[in-house]
Amino acid sequence: MKSAIRTRRPLALAVAALVGLPLAISGCGTTTSASSTDAVKEISVMDYYNNEPDKSFIGDALTACGTKAGVTIKRETVPGKSLISKVLQQSSSKTLPDVLMLDNPDLQQIAATGALAPLSDFNISTADFAPGVLSAGTYKDKVYGLAPTVNTIALFYNKDILAKAGVTPPTTWDELKTAATKLTSGEQYGLAFNANPTYEGTWQFLPVMWSNGGDEKNIDTPATAQALQLWTDLVKDGSVSSSALNWTQADVKDQFMAGKAAMMVNGPWQIPALDKNTALKYGVVKIPVRDASQTAVAPLGGEVWTVPQTGNKAHQAKAAEVVACMNSDENQLAMAKVRNTIPSKTSLAAKFATDNPKLATFTDLIKTARARTGELGEGWPAQATKIYTAIQTALTGKASPADALKQAQGQ
């Protein structure tokens, strides 16, 4: 799930690190013959990194990859909420860019229109990518997009608050409920999460649903009802503020930073903001599971880079070089470090976690993280809407969790 800020380093230093990428990037080419691409001097790119510092980080990486491919990058950044409508419009008018970035849950919708070229057409390697990453970029058994880095969500906790209360980070639902109750006092809530009526609310619920065996194809099941009962109980007993029904993930972060929440569900893109408060000591663990024997399963966030079907084979070949370059080992590590995200290749994960201990939990979660569109493809948005509708219905007391899920599934 994308966030606008994902670096804990000063902008100038981080950008400087990426400026040196042209010398480090290797293995970025495809097997297309040089004669078919020599005439290409410029390729167009569109993405939604329109806010700093990501705008500069990604821009520098693209420039470096363009230099490697021997082309100039003509880049357009658009607001995230406007990207898909613009892509669909450009697809119908045959004015798609040469390289297109998409949030991974949107790839299947665009690939279904025939607007994207399979990366196998350009012999771009998909070896060593985590299974969830490949799933996120796949439509009907063909890989159309690759994400250089990814993210997910976990449980942040305030070390000082928990220590003072004699509470250890919870690992099961029972432990979570007990800890959240004990940590709730006055204006301080034990836990903060986002349960708003958007895809973000669904995203934050998925770990408890999936880890308990819930399935997005049909949310009217006992496993998903148990997960929603947990969310409902936490709000009902006052361990979580009822404002969670309207909070964004940024709001959740603000509550945690202000000491108004002892724990929170959130992602690594919040680390730069947290680290600005030097008095705040925090840790990160996996979101608790119902039973200790269960495996924590988290949703996969991140953006994929694709090659649209523009009809210009020479431009597509050069675009493929840039996409491959953006996913090189060197680029994955560089972007992950400056953006507080996780490299997508499994071979890079262990060393990255050692070198970046604050991201170690997230790195471990990526191994089993699931793509939201892995089962439903372009049908995911409709089902995601049902999930957050059920959450809202249950948390406002309009229906029991089981009834809320049954009603939403039947819509």
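Located above this text is the structure these notes cover.
Calculation criteria
Residues numbered from 1 in each chain as written. Predicted model: local features only at pLDDT ≥ 70, side-chain atom pairs only at ≥ 80, totals over all residues. Heavy atoms only, no water. Axes fitted to C-alpha atoms, helices over the stretch in contact; angles between N-to-C directions. Helix = DSSP H or I, 4+ residues; strand = E, 2+ residues; numbered from the N terminus. Parallel < 35°, antiparallel > 145°, perpendicular 65-115°, else oblique. Left-handed = near helix turned anticlockwise from the far one by under 90°. Contact = heavy atoms within 4.5 Å. Pairing = 2+ DSSP bridges. Phe/Tyr/Trp six-rings, centres within 6.5 Å; stacked < 30°, edge-to-face > 60°. Lys NZ or Arg CZ within 6 Å of the ring centre and 35° of its normal. Salt bridge = Lys/Arg side-chain N within 4 Å of Asp/Glu carboxyl O. Buried < 20%, exposed > 50% of the residue type's maximum accessible area, 1.4 Å probe, protein only.

**Details of the packing of helix H9 (residues 199–211) against helix H10 (residues 222–236)**
One can describe the packing of H9 onto H10 by two numbers: an axis separation of 8 Å at closest approach and a directional angle of 125 degrees. By the criterion of interaxial angle, the relationship of H9 to H10 is oblique. The handedness of the crossing between H9 and H10 is right-handed. Along its contact with H9, which presents Gln204, Phe205, Val208 and Met209, the element H10 presents Thr224, Ala227, Leu228, Leu230 and Trp231.

**Considerations on the sheet that holds strand S9 (residues 189–192)**
If you trace the four strands from one edge of the open sheet to the other, you get S9-S10-S8-S11, paired in mixed fashion. Only two strands of the sheet have a single neighbouring strand rather than two, namely S9 and strand S11 (282–285). When strand polarity is set aside, the average angle formed by the axes of neighbouring strands in this sheet is 20 degrees. The pairing of strand S8 (residues 154–158) with S11 spans four bridges and is antiparallel. The residue bridging leucine 155 from the neighbouring strand is valine 285, located in S11.

**Considering the packing of aromatic side chains**
Counting across every chain of the model gives nine aromatic pairs. Ring pairing ties together the aromatic residues Phe156, Phe256, Tyr282 and Phe362, which thus form one cluster. Above the ring of tryptophan 210, the side-chain terminus of arginine 370 is found at 4.1 Å from the ring centroid.

**Brief notes about the pattern of salt bridges**
Overall, the coordinates contain 15 salt bridges when judged by the stated rule. Arginine 75 is the partner of aspartate 47 in a salt bridge, and the nearest nitrogen-oxygen pair spans 2.8 Å. Highlighted residues: aspartate 47 in strand S1 (residues 42–47) and arginine 75 in strand S2 (residues 72–77), separated in sequence by 28 residues. A salt bridge links lysine 253 to aspartate 254; its shortest N-O distance comes to 3.0 Å.

**What to know about unusual backbone geometry**
Going from glutamate 52 to proline 53, the amide bond is cis rather than trans, its omega being 5 degrees. Along the chain, proline 53 falls in the loop between S1 and helix H3 (54–69). Although it is not a glycine, aspartate 128 sits at a positive phi angle of roughly 80 degrees. Counting through the fold element by element, aspartate 128 comes out in the loop between helix H5 (107–111) and helix H6 (131–136). Assessed through its relative accessible area of 30%, aspartate 128 is described here as partly exposed. Despite not being glycine, asparagine 340 has its phi angle at roughly 55 degrees, a positive value. For asparagine 340, a relative accessible area of 0% corresponds to the buried category.

**Describing the sheet that holds strand S12 (residues 303–306)**
The strands making up a sheet are joined through hydrogen bonds of the backbone, oriented either antiparallel or parallel. Within the open sheet, the five strands sit side by side as S2-S1-S3-S12-S6. Their pairing is mixed. Because the sheet does not close on itself, it has two edges, and the strands there are S2 and strand S6 (145–146). As paired strands, S6 and S12 are joined by two bridges and run antiparallel to one another. Across the sheet, the residue bridging to leucine 146 is tryptophan 305, located in S12. The strands touched by helix H13 (residues 313–326) within the sheet are S1, S2, strand S3 (99–103) and S12, with S1 carrying the most contacts at an inclination of about 55 degrees.

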